[in-house]
Amino acid sequence: MAIIKIQKGTKDILPSDMPVWYFMEDNARKIFSEYGAKEIRTPIFEATELFARGVGDTTDIVNKEMYTFEKSERSLTLRPENTAGVVRAFIENGMHRLSAPIKLWYKGPMFRYERPQAGRQRQFHQVGVEVFGIKQPTADAEVILMAVNYLNALGLNDLSVELNSLGCPKCREEFKTKLKDVIKPYLSQLCPDCQARFEKNPLRLLDCKVEECKAIYAKPEIQEVIQSDFICEECSEHFSGLKSYLDALKINYSINKLLVRGLDYYNRTVFEIKSNNLGSQNAVCGGGRYDSLVRNLGGEDTPAVGFAMGMERLASLIGNRDDEKTRAFVVSNNTVEGIKLAEELRRAGISAEFDLTNKKFVKQLEKASKVAKFAVILGEDELNSNQVTVKNLDTSEQKTIPREELLKAI
RNA sequence: GCGCCUGUCGUCAAGCGGUUAAGACCUCGGAUUGUGGUUCCGAUAUGCAUGGGUUCGAAUCCCAUCAGGCGCCCCA
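Cut-off values and rules
Residues numbered from 1 in each chain as written. Chains lettered and ligands numbered in written order. Predicted model: local features only at pLDDT ≥ 70, side-chain atom pairs only at ≥ 80, totals over all residues. Heavy atoms only, no water. Pairing = 2+ DSSP bridges. Helix = DSSP H or I, 4+ residues; strand = E, 2+ residues; numbered from the N terminus. Axes fitted to C-alpha atoms, helices over the stretch in contact; angles between N-to-C directions. Buried < 20%, exposed > 50% of the residue type's maximum accessible area, 1.4 Å probe, protein only. Lys, Arg positive; Asp, Glu negative; His and termini not counted. Salt bridge = Lys/Arg side-chain N within 4 Å of Asp/Glu carboxyl O. Polar contact = N/O pair within 3.5 Å; in protein donor to acceptor, adjacent residues only side chain to side chain. Contact = heavy atoms within 4.5 Å. Patch = residues over 30% accessible without salt bridge, like charges linked within 9 Å, V, L, I, M, F, W, Y side chains within 5 Å. Areas by Shrake-Rupley, 256 points an atom, 1.4 Å probe, with all protein chains shown as cover. Domains from an automatic or database assignment. pLDDT = per-residue confidence, 0-100. Arc of directions from axis to C-beta.

### A closer look at the sheet that holds strand β3 (residues 67-71)
Pairing is antiparallel in the open sheet, where three strands are placed in the order β2-β4-β3. Of all the strands in the sheet, the pair left with one neighbour each is β2 (45-47) and β3. Taken over all neighbouring pairs, the strand axes of this sheet differ in orientation by 35° on average, direction set aside. Where β3 and strand β4 (residues 74-78) come together, five bridges link them in antiparallel fashion. Across the sheet, residue Lys71 finds its bridge partner in β4, namely Arg74.

Next up, the structure:
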């Protein structure tokens with residue numbers, strides 16, 4: 001019979017992978033709560049319309065990457081990201097009435113129908129933070145600080161923070177128009193991708209990798225527009241406020257005027273954190289400010305900033321972590337006494353294993369040395385004298401002690 | 001969705017058209033009736049992603065499908 005195989009773009013997270021995942025999850029809880037953020041868990045499927053309206057129906061994510069299905073005449077979608085879901089929960093639970101800032105963090109699986117490759121799966125996991133209710137750039141700074149500290153806690157240092165401001169809808173439109181005007185004369189010389197971007201997302205034109213296009217964008221009159229500070233005074237003030245906070249916090253960052261995020265809801269601050277050790281999917285964290293999303297989804301006008309990180313990408317940077325060994329392995333050929341002693345240890349809060357197949361002494365000890373820190377030897381001699389032998393399997397030290405002293409010895 | 005590359009045991013692999021498909025790790029058993037992590041012996045793919053084809057003969061060549069890798073696009 002043919003075996004049923006795992007689906008394309010999905011991965012089993014095996015017992016041997018768990019140490020890394022616990023490490024990421026424990027640190028998320030620890031670090032984010034240092035900032036007063038509370039965890040929220042929202043459903044993995046939502047009304048399709050939430051993503052269409054929230055993420056934006058011109059984005060690739062919504063257009064071609066969603067897992068959508070019908071049930072009882074409702075159109076449902078597996079969440080491709082979690083900001084829309086968190087905002088939905090925020091609105092639905094009246095969280096705007098809580099005292100601002102409202103800081104929420106989450107982790108969980110996300111689903112995107114894409115061609116899998118390194119650092120990209122169809123089911124993957126994100127950890128993220130959303131901060132609601134603060135329009136000042138202090139919130140942007142704190143969100144970036146949370147991301148950086150979390151990554152540092154994971155031991156990840158070889159990372160760079162890139163920052164940009166998209167301005168508000170108004171000044172961004174003006175910039176787009178200016179950019180299109182100056183590029184228009186060369187439109188027919190651009191690569192097909194760029195020709196499509198010209199209409200769909202002109203801000204993305206600039207990071208094209210095709211040499212011919214790059215040559216065109218390097219022209220002085222185009223560079224002049226790109227390098228100009230197009231954002232309006234208010235946006236500009238916000239941005240310099242953020243930069244001064246980051247400077248004060250000694251967070252290294254670089255301004256990348258070409259940084260544009262693919263989700264429609266961002267305004268003003270956008271940022272990415274990249275690793276040089278990841279190949280082409282090199283962003284471990286992406287985020288920014290989305291001041292109009294809450295209102296667009298039907299809530300009270302509430303400014304917000306947040307970020308999301310790809311946990312599989314983090315995991316591949318963290319590398320292997322040691323599994324925690326069982327504390328005690330009871331070595332005994334007396335099955336009844338052995339299984340009882342192991343349970344006694346567990347009740348005392350000590351993880352314990354016992355050979356269920358009554359293998360020979362040597363085999364049991366061999367097994368113990370692989371999985372446990374201590375071997376607790378309960379042989380005939382010990383049973384007769386109500387003693388137990390405790391052997392430290394790392395140092396080979398062992399001593400035979402009265403049974404009452406066992407708990408103190410391991 | 002497009003382009004290039006890959007697919008041999010649980011894992012890492014040798015094999016490059018000729019008869020029993022190397023080796024290593026892991027696992028299991030033994031050397032060893034109470035002292036392991038080092039050593040020594042033994043076991044484990046009628047099978048080379050799947051389905052067709054070429055050939056006297058195919059893991060080796062061809063085609064398709066599936067899966068994976070890398071790049072583009074996009075994103076975390």
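From this point on, the discussion continues.
### A look at the side chain of Arg79
Topologically, Arg79 is positioned in the loop between β4 and α4 (83-92). The side chain of Arg79 sits in the buried core without any salt bridge; Glu46 is the nearest counter-charge, 6.6 Å away. There is a polar contact of 2.6 Å between the side chain of Arg79 and the backbone oxygen of Pro109. Residues in contact with Arg79, not counting those within four places in the same chain, are Thr42, Pro43, Ile44, Phe45, Phe51, Gly108, Pro109, Met110 and Phe111.

### With respect to a nonpolar patch on the surface
On the surface, Ile44, Phe45 and Phe69 cluster together into a nonpolar patch covering about 250 Å² of accessible area. Among the secondary structure elements, Phe45 is positioned in strand β2.

### Describing the pattern of salt bridges
The full count for this structure, using the stated rule, is 21 salt bridges. The partner of Arg289 in a salt bridge is Asp291, with the nearest N and O atoms 2.8 Å apart. When sorted by exposure, Arg289 lands in the same class as Asp291, which is buried. Among the charged side chains, a network of salt bridges with common partners joins Glu39, Arg41 and Lys107.

### Quick notes on the domain arrangement of chain A
You can read the domains of chain A as domain 1 (15-168 + 231-318) and domain 2 (326-409). One C-alpha centre belongs to domain 1, the other to domain 2; they are set 49 Å apart.

### Thoughts on the sheet that holds strand β9 (residues 267-275)
Within the open sheet, the eight strands sit side by side as β1-β5-β6-β11-β10-β9-β7-β8. Their pairing is mixed. The sheet terminates laterally at β1 (38-39) and β8 (254-255), the two strands that pair on one side only. As paired strands, strand β7 (residues 159-165) and β9 are joined by seven bridges and run antiparallel to one another. Each bridged residue has a counterpart across the sheet, and for Leu163 the counterpart in β9 is Phe271. Strands in contact with helix α10 (residues 233-248) are β7, β8, β9 and β10 (283-289); relative to β7, the strand with the most contacts, it is inclined by about 160°.

### Overview of the confidence of the model for chain A
Residue-level pLDDT values for chain A average 88, and 98% of them are 70 or greater. Averaged pLDDT values for the elements of chain A fall to 73 in helix α8 (residues 211-217) and rise to 98 in β1. Scored as a complex, the prediction yields pTM 0.88 and ipTM 0.81.

### Let's talk about helix α2 (residues 48-56)
Every buried residue belonging to α2 is among Thr48, Leu50, Phe51, Gly54, Val55 and Gly56, and all of these are buried. Down the axis of α2, the smallest arc covering the buried residues is 150°, so these residues share one side. Buried residues along α2 sit in contact with β2, α3 (60-64), β3, β4, α4 and α11 (293-296).

### Quick notes on unusual backbone geometry
Excluding glycine, residues mostly have negative phi values, and the peptide bonds linking residues are mostly trans. Along the chain, Ala100 connects to Pro101 via a cis peptide bond; the corresponding omega equals 0°. Of note in the backbone geometry, Asn386 takes a positive phi value of approximately 55° without being a glycine. Considering the arrangement of structural elements, one finds Asn386 in the loop between α15 (380-385) and β15 (387-392). Given a relative accessible area of 42%, Asn386 falls into the partly exposed group.

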